[in-house]
Amino acid sequence: MYFFSPFQSLKGKDCNGRVVPTDGGRYDVHLGERMRYAVYWDELASEVRRCTWFYKGDKDNKYVPYSESFSQVLEETYMLAVTLDEWKKKLESPNREIIILHNPKLMVHYQPVAGSDDWGSAPTEQGRPRTVKRGVENISVDIHCGEPLQIDHLVFVVHGIGPACDLRFRSIVQCVNDFRSVSLNLLQTHFKKAQENHQIGRVEFLPVNWHSPLHSTGVDVDLQRITLPSINRLRHFTNDTILDVFFYNSPTYCQTIVDTVASEMNRIYTLFLQRNPDFKGGVSIAGHSLGSLILFDILTNQKDSLGDIDSEKDSLNIVMDQGDTPTLEEDLKKLQLSEFFDIFEKEKVDKEALALCTDRDLQEMGIPLGPRKKILNYFSTRKNSTVLCPCVLWDVYSGKSSSFLFDPVAYRIEPMVVPGVEFEPMLIPHHKGRKRMHLELREGLTRMSMDLKNNLLGSLRMAWKSFTRAPYPALQVSETAEETEAEPESTSEKPSDVNTEETSVAVKEEVLPINVGMLNGGQRIDYVLQEKPIESFNEYLFALQSHLCYWESEDTVLLVLKEIYQTQGIFLDQPLQ
C-alpha cells in the first residue's frame, strides 16, 4: 500500500503517534511507523510509503514509487542541481541501477543488463531507459475516493471448513473483501437515487474466523502424530479442511467452535461500536457452508421467549454495548436465591466454576434440592449461549442465495417448514434484470414445443375422426343433419382441450404467493442462483465451483442488499423481473 502526499504536506508536523483510519475504518495507518494494521482481524502489517519520486514500470506502463529513503536522496540531488544549475547528475540505486538527471524535464532510469556484474564490473547505462518523474502531477493515478462514512447495516460473515474459502485458496478476509467491493458497486448502480438523496450509505461486511483458533489449540500436533507419511499433501489438506466437519460433530471441539464464533462476533461488535459510536443500524449474520450450521446452532440457543427478552432488555443492551455480564450475585438475586451467595463466596465458586458443578457438588455445599435444581437449570441453559444482538440469519449454505442446481452440499429449508406443499425455490433475478439469455431461450423453446405438440395432437384427433367416420349413402336426412351439427361441436371441443392444457401450463408458470409460516416473516427462504451458460453443459464439472462461487456473485450480493434495505423502506431503482 502506498501513501501519496504532496512535498510540503507533512513538513514540520510530527507524525509520531498519529493514526489515520483507512479502508472504511477496517485498517489503521500509523504514520510514524509507516505501517498499516488491521483492526478487526489478525493480519501481517503492510508498508506505507510517502511517495514523491516514481519510475515507469516495464510491463504495465504504470509509475512505481521509489522507497522513501532513496526518494529523499533523489530529492536532495535534484534540489542541489536546481540551485547550482548543474545537471547530468548520476546516482546509483540500492539495486545497483543508474539514475541520471539530465534536466528538470528529462530524468531516466537505466536497468543494467542481467549478468553484467558476474565479473565484478560496475553497472553500466545499458538496457532500456525508463522515465523518472518527480511528484504526482500529470500522472493518471487511480486513487479510490473512499467508502461512504455512513454505515446502515453490519453483517458478520462466518466461513466454512478449512482456511481457504474459494478455488484460489484465499482466506475469509480476502473473500469478504470481494463481497464488500461488489456491494459498493451495486449500491452505485442499483440504489443510485437513494445515494444521491443521502438516504443510504453502505453495508459493512466483517469476517469471523474460527478455523485458526481451533487449530491453535494443539489439535494439529496430535493429528500430525497419527498421520501417515504417504501422500503428504493430500493428508495435510484432509487434516486442515475435511476434518473440520468431524471436529464439529465432536462435543468437545463443537463447543470450542461455537464459543469462538460467538465470542468473536461479540468482540468485533463491541470494537465496531467503539469506532462507530453513531451507528444505529441492524446486524445480520451470514454463514457459508459449515458456517451456516454453526450460526443456526447459535441462534437456536438464544432466548426464544419474548417475555424473557422484554424483561431483560436492559441487560441485553448492556451486554452488547458495553460487554458487561451479570455477576453471580445478580443471577442468584434474579432466581430469588440470594441467601446462598455467601456459601458460594466461602467456597470461592464463581460463575465459571458453578457452570462446572454437578448436583452432588451443590448437595455437599448444603444447598437444598429445590434451589439446586433451579441453579443447575439456569446455568445449564446459559452455559452454551452467548447473548448476541438481534440478527437475521442469511444462510448461504442451505437457504438464502444458494446455487441448489449444482452445489453438492446445499439443501432446502422450506419443505421442512411447510411439508404439505410442494413448490420450487425462488429464482434469483440477474443483477442486470430478467433471466439469463440461455434460460429465456430454453423456456421459449419449451413453450414453443408445447404449443406445437398441442396443435399437432389436436390436428391428429380431428384427422383420425374424419377417417374413421363411415359415409353411408342410405342415411336419412335427419341423421345427416344431426351428424353435421355434432361435427362443429366436436371440432370446437378440441381447441378447448388445447386451451385447457395451455392454461394449465400458464398457471404453473405463474408465481403464486406462498406463506412459509413465521420464519422470515412469512416470506420465501429458499433461493436459487441462475446457472451460467457454460455450466449448463456439464453440471458435475461445475459442482465444486458452484459451492464456492458466492463471494463474487453480483446476484447473491444484490439479494442481500435488497433484503436489508427493503426493511428500511428503500427499494431498487428499477425492480428486477
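Conventions used here
- Residues numbered from 1 in each chain as written.
- Predicted model: local features only at pLDDT ≥ 70, side-chain atom pairs only at ≥ 80, totals over all residues.
- Heavy atoms only, no water.
- Helix = DSSP H or I, 4+ residues; strand = E, 2+ residues; numbered from the N terminus.
- Buried < 20%, exposed > 50% of the residue type's maximum accessible area, 1.4 Å probe, protein only.
- Contact = heavy atoms within 4.5 Å.
- Areas by Shrake-Rupley, 256 points an atom, 1.4 Å probe, with all protein chains shown as cover.
- Core = buried A, V, L, I, M, F, W, Y, C linked by side-chain atoms within 4.5 Å.
- Pairing = 2+ DSSP bridges.
- Patch = residues over 30% accessible without salt bridge, like charges linked within 9 Å, V, L, I, M, F, W, Y side chains within 5 Å.
- Salt bridge = Lys/Arg side-chain N within 4 Å of Asp/Glu carboxyl O.
- Lys, Arg positive; Asp, Glu negative; His and termini not counted.
- Charge placed at Lys NZ, Arg CZ, Asp CG, Glu CD.
- pLDDT = per-residue confidence, 0-100.
- Axes fitted to C-alpha atoms, helices over the stretch in contact; angles between N-to-C directions.
- Phe/Tyr/Trp six-rings, centres within 6.5 Å; stacked < 30°, edge-to-face > 60°.
- Lys NZ or Arg CZ within 6 Å of the ring centre and 35° of its normal.
- Expected span 1.5 Å × (residues − 1).
- Polar contact = N/O pair within 3.5 Å; in protein donor to acceptor, adjacent residues only side chain to side chain.

**Remarks on the overall build of the protein chain**
When its secondary structure is counted, the protein chain shows 20 helices and 18 strands. Put simply, the protein chain has 577 residues, and 38% of those count as buried. Long-range pairs, those at least 24 residues apart, make up 65% of the contacts in the protein chain between residues at least 6 apart in sequence. Taken as a whole, the protein chain presents about 35200 Å² of accessible surface, with 56% of it coming from carbon and sulfur.

**Let's talk about the nonpolar core**
Most often, soluble globular proteins keep nonpolar side chains buried together rather than apart. Grouped together as the largest cluster of nonpolar side chains are 61 residues, with contacts concentrated most on Phe156, Phe191 and Val261. Element by element, the count of residues in this core is highest for helix α7 (residues 251–275), at 10 residues. Aside from chain neighbours lying at most four places away, what touches Phe191 is Leu186, Ile200, Leu558, Leu561, Lys562, Tyr565, Ile570, Phe571, Leu572 and Asp573. By size, the runner-up hydrophobic cluster in this structure holds 15 residues, among which are Phe340, Phe344, Leu362 and Ile367.

**Digging into the sheet that holds strand β4 (residues 35–38)**
The strand order across the open sheet built from four strands is β2-β3-β4-β5, with neighbouring strands paired in antiparallel fashion. Unpaired on one side and paired on the other, β2 (19–22) and β5 (46–47) mark the two borders of the sheet. Across four bridges, the pairing between strand β3 (residues 27–30) and β4 is antiparallel. Residue pairing for β4: His30 is matched across the bridge by Met35.

**Some words on a negative patch on the surface**
Together, Glu329, Glu330, Asp342 and Glu345 line one region of the surface with negative charge. Elements that contribute at least two residues to the negative patch include exactly α11 (328–334) and α12 (341–346). Within the secondary structure layout, Asp342 lies in helix α12.

**Some words on the confidence of the model for the protein chain**
In the predicted model, the protein chain carries a mean pLDDT of 75, and the fraction of residues at 70 or more is 71%. Summarising per-element confidence for the protein chain, the mean pLDDT is lowest in helix α10 (residues 313–322) (30) and highest in strand β14 (residues 202–208) (96).

**Observations concerning the pattern of salt bridges**
Two side chains of opposite charge can pair, provided their charged atoms sit close to one another. This model, assessed by the stated rule, comprises 26 salt bridges. Among the salt bridges present, the one from Glu47 reaches Arg49, with a minimum N-O distance of 3.1 Å. By relative accessible area, Arg49 is classed as buried at 17%. Across the salt bridge formed by Arg168 and Glu552, the nearest N and O atoms sit 2.2 Å from each other. With a gap of 384 residues between them, Arg168 in the loop between β13 (151–158) and α2 (172–190) and Glu552 in the loop between α19 (543–547) and α20 (554–566) connect regions that are remote in the sequence. A residue is classified by how much of its surface remains accessible, and Glu552, at 39% relative accessible area, is partly exposed. The network of salt bridges with shared partners includes Arg26, Glu147, Arg180, Arg202 and Glu204.

**Describing the sheet that holds strand β7 (residues 53–56)**
Strand order in the open sheet made by the six strands is β8-β7-β12-β11-β10-β9, with antiparallel pairing throughout. Since the sheet does not close on itself, it has two edges, and those belong to β8 (63–65) and β9 (89–92), each with one partner. Direction aside, neighbouring strands of the sheet carry axes that sit 30 degrees apart on average. Here three bridges tie β7 to β8, and the two strands are oriented antiparallel to one another. Looking across to β8, one finds that Tyr55 is bridged to Val64.

**What to know about the packing of aromatic side chains**
Within this structure, the stated rule accounts for 10 aromatic pairs. Plain terms: the ring middles of Phe247 and Tyr253 are 5.0 Å apart, the flat faces sit at 55 degrees to each other, and that makes the pair tilted. With a relative accessible area of 25%, Tyr253 lands in the partly exposed category. Of the aromatic side chains, those joined through ring pairs into one cluster are Trp53, Tyr78 and Trp87. The side chain of Arg36 reaches across the aromatic face of Tyr27, ending 3.9 Å from its centre.

**Remarks on unusual backbone geometry**
Most peptide bonds adopt trans geometry, and most residues besides glycine take a negative phi value. Residues other than glycine seldom take positive phi values, yet Phe169 does so here, at roughly 55 degrees. The residue Phe169 is located in the loop between β13 and α2 in this model. Unlike most non-glycine residues, Ile231 shows phi in positive territory, near 35 degrees. With respect to the helices and strands, Ile231 occurs in the loop between α5 (219–226) and α6 (232–249).

**With respect to the environment of Val219**
For Val219, the position within the fold is in helix α5. On the basis of relative accessible area, Val219 is assigned to the buried category, the value being 5%. Placed 20 residues apart in sequence, Val219 and Asn239 show a C-alpha to C-alpha distance of 9.9 Å.

**A closer look at the pairing of strand β12 (residues 130–134)**
The pairing of β7 with β12 spans three bridges and is antiparallel. Looking across to β12, one finds that Phe54 is bridged to Lys133. Sheet topology note: the strand β11 (residues 106–110)/β12 ladder contains two bridges and is antiparallel. Residue pairing across strands places His109 opposite Arg130, the latter belonging to β12.

**Some points on the side chain of Asp244**
Looking at the element boundaries, Asp244 is found in helix α6. Although Asp244 lies buried, it forms no salt bridge, and the closest oppositely charged side chain, Arg235, sits 16 Å away as judged by the N-O distance. Ignoring anything within four residues of it in the chain, the contact list for Asp244 reads Ile161, Gly162, Trp210, His211, Leu214, His215 and Leu290.

**Focus on α2**
An α-helix turns once every 3.6 residues. As a result, residues three or four positions apart point the same way. For α2, spanning 19 residues, the distance from its first C-alpha to its last is 26 Å, which sits close to the expected 27 Å at 1.5 Å a residue. The complete set of buried residues in α2 reads Ile172, Val173, Cys175, Val176, Phe179, Arg180, Val182, Ser183, Leu184, Leu186, Leu187 and His190.

**Side note on the side chain of Glu204**
For Glu204, the position within the fold is in strand β14. At 3.1 Å, the side chain of Glu204 forms a polar contact with the side chain of Arg202. The residues contacting Glu204, other than those within four sequence positions of it, are Gly24, Arg26, Ile151, His153, Leu154, Val155, Arg180 and Phe272.

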